[in-house]
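# Close look at the chain arrangement
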Amino acid sequence: MELPIPLRQGVERLLEKVPLPTLKQAAKTLSDRYRAELRDGRLHIAEEMAVKAYLATRLPATYAAVRASLDALSEARPDYAPKTLLDIGAGPGTVLWAALDVWPDLEQAVLIEASAAVRRVGEALATEAMTVMVAWQAGDVTLDLADLKPAELVTCAYVLDEIGPASLPKLIDRLWHLTDNTLLVVEPGTPAGWQRILAVRRQLVEAGAHVLAPCPHEAPCPLVPPDWCHFSRRVARSRLHRLAKDADVPWEDEKFIYVAASRQAAPSRAARVIAPPKSGSGKVLLKLCEKDGSADEKLFTKRHGELFKAARRLDWGDSV
């Protein structure tokens, strides 16, 4: 999955004169903060060079994860086409770009972002490429959400890892109250990210939300640590990305986890593949999260005919 062409071109323009050693150091600092999930009162991408490092090394991966999550939401609700978006902790507008790719008729978007450096970059990237009416607002996601208007789609992607656990229930409660229709929360696909998504999911289910994806049910998650639910998208690395991270491999796998919850139930539900399929000669083994709230492995062989052919085409994260 690649960035939309206007976004990729805008990023290239912003990065073309950045000295590589400076970018590499900023990328290392940013990567260290993300990996450590630091909560030291500082934003991960508060400074201009941190923003540019994010554009070079993290934007393609976060875009791919968000886009995959939105695709799953759209698949669960084929009739859903939001006109208004509220994105909390918007970064440079990653969710907005992905949402417009899925729903080109989106009309209005309000993007809340605490970092002035990120807002400037986001506005610069969007100025010439979007027809949607976009309003950027400064705001701390734990403090400054009181006066916002509800939206049909509310999103919060790669934000909760910067927030203390004690602040999480209040934030999710506020996000749900701001949701006219559907809320999407995306987190890194780590065991800690999964635990945050589980907490969000429990709170939303208790508030009466219908889970659209990835779970085909509202029952407690059937997985038990050290296992955890997450998904993956392979992302092509640009030349600058490889240079900034001293990477030899021309791609990376972005692990992520998400929950999409709505005030409206999905018209139908399907099991989901929750691990990489295991294929062999004439057989494929799928680990599935089922509609009854269970998780199990199912073996499909040539004897299953069309079911086997369909199973061979499925990938990690697909619905069945």
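In case you missed it, the structure is sitting above this.
Scope of this entry: the structure provided in the associated data block. (Residues numbered from 1 in each chain as written. Predicted model: local features only at pLDDT ≥ 70, side-chain atom pairs only at ≥ 80, totals over all residues. Heavy atoms only, no water.)

## Some thoughts on the overall build of the protein chain
As a reminder of what qualifies: Think of it this way: any DSSP run of H or I at least four residues long counts as a helix, any run of E at least two long counts as a strand, and we number them from the N terminus. We compute the radius of gyration from the C-alpha atoms alone; for a globule the expected value is 2.2 Å times N to the 0.38, where N is the number of residues. Only protein chains enter the calculation, and the probe is 1.4 Å; a residue is then buried if its accessible area is under 20% of its type maximum, exposed if over 50%, and partly exposed in between. In what follows, a contact means two residues having at least one pair of non-hydrogen atoms within 4.5 Å. When charges are tallied, Lys and Arg are placed among the positive residues and Asp and Glu among the negative ones, while His and the ends of the chain are skipped. Note on charges: their place is set at NZ of Lys, CZ of Arg, CG of Asp or CD of Glu.
On a plain count of helices and strands, the protein chain comes out with 10 helices and 12 strands. The C-alpha atoms of the protein chain give 20 Å as radius of gyration, which agrees with the globular expectation for 320 residues (20 Å, within 12%). With respect to the three principal axes, the spread of C-alpha positions in the protein chain is 60 × 45 × 35 Å. Looking at the protein chain as a whole, 52% of its 320 residues are labelled buried. Put simply, of all contacts in the protein chain between residues at least 6 apart along the chain, 72% involve residues at least 24 apart. Put simply, the protein chain has 42 plus and 42 minus side-chain charges, and the middle of one group is 5 Å from the middle of the other.

## Remarks on the packing of aromatic side chains
The condition is simple: A pair of Phe, Tyr and Trp rings is counted when the ring centres sit within 6.5 Å of each other, with Trp represented by its six-membered ring. The angle between the planes then sorts it: under 30 degrees is stacked, over 60 is edge-to-face, the rest tilted.
The tally for this structure, following the rule as stated, stands at four aromatic pairs. Centre to centre, the rings of Y80 and W103 are 5.6 Å apart; their planes meet at 80 degrees, and the pair counts as edge-to-face. With Y80 in the loop between α4 (59-76) and β1 (84-88) and W103 in the loop between α5 (94-102) and β2 (108-112), the pair connects residues that are 23 residues apart, well separated along the chain. Here W103 falls in the buried class, since its relative accessible area comes to 6%.

## Considerations on α4
To keep it simple, the criterion reads: For a helix, the expected span equals 1.5 Å multiplied by the residue count minus one.
A rise of 1.5 Å per residue sets the reference length of α4, with its 18 residues, at 26 Å; its end C-alpha atoms lie 26 Å apart and thus fit the reference within 8%. Of all 18 residues in α4, 16 are buried, a share of seventy percent or more.

## As for the packing of α4 against α5
Operational definition: Interaxial angles span 0 to 180 degrees and are taken between N-to-C directions of axes, which are lines fitted to C-alpha atoms, for helices over the stretch in contact. Here the word oblique covers every angle except those under 35 degrees (roughly parallel), over 145 (roughly antiparallel) and from 65 to 115 (roughly perpendicular). Take the far helix as your reference; a near helix turned counterclockwise from it by less than a right angle gives a left-handed crossing, and one turned clockwise gives a right-handed crossing.
It is the contact of α4 with α5, at a shortest axis distance of 9 Å, that shows an interaxial angle of 45 degrees. In this view, α4 runs oblique relative to α5, as classed from their interaxial angle. Between α4 and α5 lies a crossing of right-handed hand. Each of L59, T62, Y63, V66, R67, L70, D71 and S74 in α4 lies in contact with α5, whose residues at this interface are T94, V95, W97, A98, A99, D101 and V102.

## Some thoughts on helix α7 (residues 168-177)
Our working rule: Directions drawn from the helix axis to the C-beta atoms are what define this arc.
When we look at burial in α7, the residues that qualify are L168, L171, I172, L175 and W176. Buried residues of α7, seen end-on, are gathered within an arc of 135 degrees and therefore sit on one face of the element. Residues of α7 that are exposed and angled more than 90 degrees away from the buried face: K170 and H177. In the core, the buried residues of α7 are packed alongside β1, β4 (151-157), β5 (179-188), α8 (191-206) and β8 (251-262).

## Topic: the pattern of salt bridges
Filter applied, for reference: By definition, a salt bridge exists where a carboxyl oxygen of Asp or Glu is found within 4 Å of a side-chain nitrogen of Lys or Arg.
For the coordinates displayed, the defined rule picks out 16 salt bridges. Salt-bridge contacts for R58 lead to E254; the nearest nitrogen and oxygen are separated by 3.0 Å. Of this pair, R58 sits in the loop between α3 (48-57) and α4 while E254 is found in strand β8, placing the two residues 196 residues apart along the sequence. Here R58 matches E254 in class, with each residue buried. It is possible to trace a salt-bridge network through shared partners that takes in R67, D71 and D101.

## Side note on the state of the cysteines
Test applied: For the purposes of this analysis, a disulfide is any pair of cysteine sulfur atoms at a distance within 2.5 Å.
Tallied over the full model, the rule gives zero disulfides. With no disulfide of its own, C229 lies 6.0 Å from the sulfur of C221, the closest cysteine sulfur. The class of C229 is buried, set by a relative accessible area of 10%.

## Comments concerning the environment of W228
Note the threshold: In the analysis that follows, any N or O atom pair within 3.5 Å is treated as a polar contact, provided that within protein one partner can donate a hydrogen and the other can accept it, and provided that, for residues neighboring in sequence, both atoms belong to side chains.
With respect to the secondary-structure elements, W228 resides in the loop between β6 (210-213) and β7 (231-236). A C-alpha to C-alpha distance of 28 Å links W228 and T179, two positions 49 residues apart in sequence. When residues no more than four places from it in sequence are discounted, the contact partners of W228 are G189, T190, P191, W194 and L223. Engagement of the side chain of W228 in a polar contact is seen with the backbone oxygen of G189, the distance being 3.0 Å.

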